[in-house]
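Fold and contact review
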Amino acid sequence: MKRRRGADPEPGCLQAWANESQALAGRWRAARCSGPSGAVAREVREQRDSFRELLLRMRGLPAALPALPLELTVLYNSLVFNMGASDSAIEGEAEEIRQGLLRVLEACEACRQDLSTEELWQKVLQEATAEELQAPLQQLGALQAAWWLAAGHLGSTTSLLRLLSNTEDPGRAHCSEGENELLSLLKAWQVPAEGSSLPLVQSAKELKEILCTSAAFLQGLQELEAGNFPTALSLLQEATRGFCSKRVLAQIYTCLGCCAHRMGKPQTALQHLKQAFQVDFQCLPALSHSAAVFHELGETDAELQALALLYEALDKNLAAPASCSPYCLIQTELLVHTPLLASLLRHRHPSEVKYLLAQRCLQEGRVADAVEHYLDFMALLHEGLQQQVPLDGGSALPRIPEVFLEAASALEQAGRHHDAITVCEEVISRTTDLIPQMLRVEERLEQPECPSPGARLAGGLLSQKKESLCCLTWRAAGYLHQGCAWATLGESKEAITQFSRCLGDLLRVQLCGSGVELTESLLPEVEVLQKIRLLALISRGAQFLELGRHKEALLDFQHGLQISPGDPAAASYLVQALWKLNRKQEAAAHWQKFSQSPAGKDRQQEGQGRPFPLYLVSCLKQAMFPHSESLARSIQDYLGTTKQDPLY
């Protein structure tokens, strides 16, 4: 290797730089051991600036072999502080490493043609054969590997480790069949011991351990995202045995739990999630995932307990996001940050968890608890929900009018009918100005995959039309709930008024098709509207029966069966209306036709396969025909009588 003799720095200058570097490193060791976290964070920033200034002074002279070991060490320390202070591996580090490698080639007077970073490393390790350069280059290689891992460049990391380990053959020394090559290379890599004359602010040995953990964690996440669950499980388990903080260990156990859950092993998933929470009680995503597993297992009490604990912790801000601890400058947190990990570890907001508690209690028939949670949630709305829920589409919350309608449903089932009416009035008043006089709905509102400018304009109109359809659905549902509440209170006339308003709203929708045959291909919103229309007709017809207005009731039930042929409630009410009109033979014929037809069962199974909104459940229950057995006995008695009377 050639040397640039005229460019060597003065020995006194070199010694001064070495003394300054040692003093800075010693100052850091003292600060990290004794100072409070705030003081240490300030020290990190000051040390970063000091090492950066020293590096610039050294680079002010041409590169020379005697100064290179110190210069590369100062570069290493400067970059470690830079990464620690920024809480991320940033682009600047990659360029700084490249400049350091070019300085090595400059000192060696080697050719510096335009090379990629991978080619530059290969060139440097070929040219820089001096013994005193090996340790600094290995340390700088550890930083390069860290940056490439953080950037997701696993292939480049593997190639570099082969070079640093002097391994040309990928499987020569350490990677047996089925073993992960990157992890094998990292484990086999012999990092140099730290010299007393060139102290490091973070040892290469410690950085190697962090690289091992990060590589296993990162690859485990990649396999998890790809659906290769056994491989992901193995890599994540390997990561749990590595060097990392309690926070990261809890995150790895959380990912293990999610992996086991996706593998169809809920009990194993719960064990891992429990480990996560035991390691770090602030790992609240583990509680969130546990609630989801309990839900799948049907363990409602455990699910609600997990959600309640999660809400309590979030409400007390126990899991406020913290930056990476500066005591260990480069950590796994800096190197592993993928979209999947962010999704798995997303912290729910208090309002989301409160809503989930309310929703699950309502679904399980725990009406009193549901009411309490819904009212708490509505109180959170007044505190400023937009400050608590992210607008990234990852929220568990439905649209706010739907939540209000669910709350009204819970209040109705709890017997608080006037409160339910008030809540629905809020929905009605907020949506009224957003609904057009007439809404034309095509059979399909699908947007093209590659829209032209004209198609994008049409897509915007379709989106606006869908929003109008949602508003119409919510207002109609509000009227429906108000009608059900008045009916339960015995106010049939007021109930009929609200059901009629509901049906009047639905007349605003013009379906472009030929009747019932379109239902299967219509938008879900239109299907919900059709269900609301059916429930309003059945419910209004039932109130007409209460008032003795049997003909009007019959018309509603007939219209209901046109919307939903074979609907059990509409068919049963139709039979009752005919019976009360003394059209007993016709009633008996309809009853026999319905009782012998599997249509009712088929429609019930269809409803289970495609559930309607939760806020309609109470209306569905209230619309069920309550006199099935007594009506059946009356008709059977009538049929028995007609068989015995040949003159009938």
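Because the structure is predicted, anything quoted here is derived from the model rather than measured.

Description of the overall build of the protein chain
Of the regular secondary structure elements, the protein chain holds 29 helices and two strands. Burial status across the protein chain gives 50% buried among its 648 residues. Long-range pairs, those at least 24 residues apart, make up 70% of the contacts in the protein chain between residues at least 6 apart in sequence. In the structure as shown, the protein chain presents an accessible area of about 30,800 Å², 50% of it carried by carbon and sulfur atoms.

Quick notes on the nonpolar core
Leu143, Leu211, Phe217 and Leu335 are the most contacted members of the largest nonpolar core, which has 103 residues in total. Ranked by residues supplied to this core, first place goes to helix α6 (residues 131–150) with 11 residues. Ignoring anything within four residues of it in the chain, the contact list for leucine 211 reads Ala142, Ala145, Ala146, Leu149, Leu186, Trp189 and Leu335. Within the second largest apolar cluster, 101 residues are counted, among which are Ala291, Ala408, Tyr615 and Leu639.

Some thoughts on the environment of glutamine 437
If you trace the backbone, glutamine 437 turns up in the loop between α20 (417–431) and β1 (439–441). Given a relative accessible area of 64%, glutamine 437 falls into the exposed group.

Some thoughts on the side chain of lysine 531
Checked against the element boundaries, lysine 531 lands in helix α23 (residues 524–546). Buried lysine 531, no salt bridge; nearest opposite-charge side chain is aspartate 567, N-O distance 4.2 Å. Dropping the residues within four chain positions of it, lysine 531 is found in contact with Asp567, Phe612, Leu616 and Leu620.

Notes on the pattern of salt bridges
Tallied over the full model, the rule gives 23 salt bridges. One salt bridge connects aspartate 301 with arginine 366, and the closest N-O pair in it is separated by 2.6 Å. Of this pair, aspartate 301 sits in helix α14 (residues 300–315) while arginine 366 sits in the loop between α17 (350–363) and α18 (367–382); the two residues are 65 residues apart in sequence, bridging distant segments of the chain. The class of arginine 366 is partly exposed, set by a relative accessible area of 29%. Where aspartate 419 meets arginine 416, a salt bridge forms, and the shortest distance between an N and an O atom there is 3.0 Å.

Considerations on α18
With 16 residues, α18 extends 23 Å between its outermost C-alpha atoms, agreeing within 8% with the 22 Å of an ideal straight helix rising 1.5 Å per residue. Val367, Ala370, Val371, His373, Tyr374, Phe377, Met378 and Leu380 are the residues of α18 that are buried. For α18, the elements touching its buried residues are α14, α17, α19 (400–413) and α20.

Digging into the packing of aromatic side chains
As enumerated under the stated definition, the model contains six aromatic pairs in all. Measuring from ring centre to ring centre gives 4.8 Å for tyrosine 573 and phenylalanine 625, while their planes differ by 85°; the resulting arrangement is edge-to-face. In this pair, tyrosine 573 is assigned in helix α25 (residues 568–580) and phenylalanine 625 in the loop between α28 (617–623) and α29 (628–644), connecting sequence segments 52 residues apart. Both residues of the pair, tyrosine 573 and phenylalanine 625, count as buried.

Considerations on the confidence of the model for the protein chain
The share of residues in the protein chain with pLDDT of 70 or more is 81%, and the mean pLDDT across the chain is 82. Note on residues 445–449: pLDDT is under 50 here. Beyond four places in sequence and across chains, it has six contacts. Note on residues 603–609: pLDDT under 50 across the span, and six contacts to partners over four residues away in sequence or across chains.

Topic: the packing of helix α11 (residues 246–262) against helix α12 (residues 266–279)
Look at α11 against α12: their axes get within 7 Å of each other, and the N-to-C directions meet at 170°. By the angle class used here, α11 and α12 are roughly antiparallel. Of the two elements, α11 crosses α12, and the hand of that crossing is left-handed. Side by side, α11 and α12 meet where Lys246, Leu249, Ala250, Tyr253, Thr254, Leu256, Gly257, Ala260 and His261 of the first sit next to Thr268, Ala269, His272, Leu273, Gln275, Ala276 and Val279 of the second.

Quick look at unusual backbone geometry
The residue asparagine 582 is not glycine, and still its phi comes out positive at about 65°. Structurally, the position occupied by asparagine 582 is in the loop between α25 and α26 (584–596).

Observations concerning helix α5 (residues 117–127)
Leu120, Trp121, Lys123 and Val124 are the residues of α5 that are buried. Seen end-on, α5 carries its buried residues on one side only, within an arc spanning 165°.

Description of the environment of glycine 560
As for its position among the elements, glycine 560 is in helix α24 (residues 550–563). What makes glycine 560 buried here is its relative accessible area of 0%. Measuring from C-alpha to C-alpha, the distance between glycine 560 and arginine 533 comes to 7.9 Å, with 27 residues separating the pair along the chain.

Rules and cut-offs
Starting afresh in each chain, residues are numbered from 1 along the sequence in its written order. Only residues with pLDDT of at least 70 get local features here, since the model is predicted, and only at 80 or more are side-chain atom pairs given and counted; chain-wide, interface and lining totals rely on the full set of residues. The basis for every side-chain value is the complete set of non-hydrogen atoms in the structure, without hydrogens or water. Under the scheme used here, helices are H or I runs from DSSP no shorter than 4 residues and strands are E runs no shorter than 2 residues, and both carry numbers assigned from the N terminus. Burial classes follow relative accessibility: with a 1.4 Å probe on protein chains only, a residue under 20% of its type's maximum area counts as buried, one over 50% as exposed, and anything between as partly exposed. When checking whether two residues touch, look at their non-hydrogen atoms; a contact exists if any pair is within 4.5 Å. Only the protein chains shown count as cover for residues, and all accessible areas are computed by the Shrake-Rupley method using a 1.4 Å probe. The nonpolar core is taken to be a set of buried Ala, Val, Leu, Ile, Met, Phe, Trp, Tyr and Cys residues, with the residues joined through side-chain atoms within 4.5 Å. Within this scheme the basic residues Lys and Arg register as positive and the acidic residues Asp and Glu register as negative, but His and the chain ends are omitted. Each salt bridge in this description consists of a side-chain nitrogen of Lys or Arg and a carboxyl oxygen of Asp or Glu lying within 4 Å of one another. Expected helix span is computed as 1.5 Å times (number of residues minus one). Any two of the Phe, Tyr and Trp rings considered here, Trp counted by its six-membered ring, make a pair once their centres fall within 6.5 Å; the pair's planes then place it as stacked at under 30 degrees, edge-to-face at over 60, or tilted in between. Per residue, pLDDT measures the predictor's confidence, with a range of 0 to 100. Angles run from 0 to 180 degrees between N-to-C directions of axes, and those axes are lines fitted to C-alpha atoms, restricted for helices to the stretch in contact. Throughout, the term roughly parallel applies to angles under 35 degrees, roughly antiparallel to angles over 145, roughly perpendicular to angles from 65 to 115, and oblique to all others. Throughout, a crossing is termed right-handed when the near helix is turned clockwise from the far one, and left-handed when it is turned anticlockwise from it by less than a right angle. Taking the helix axis as origin, the arc is that swept by the directions to the C-beta atoms.

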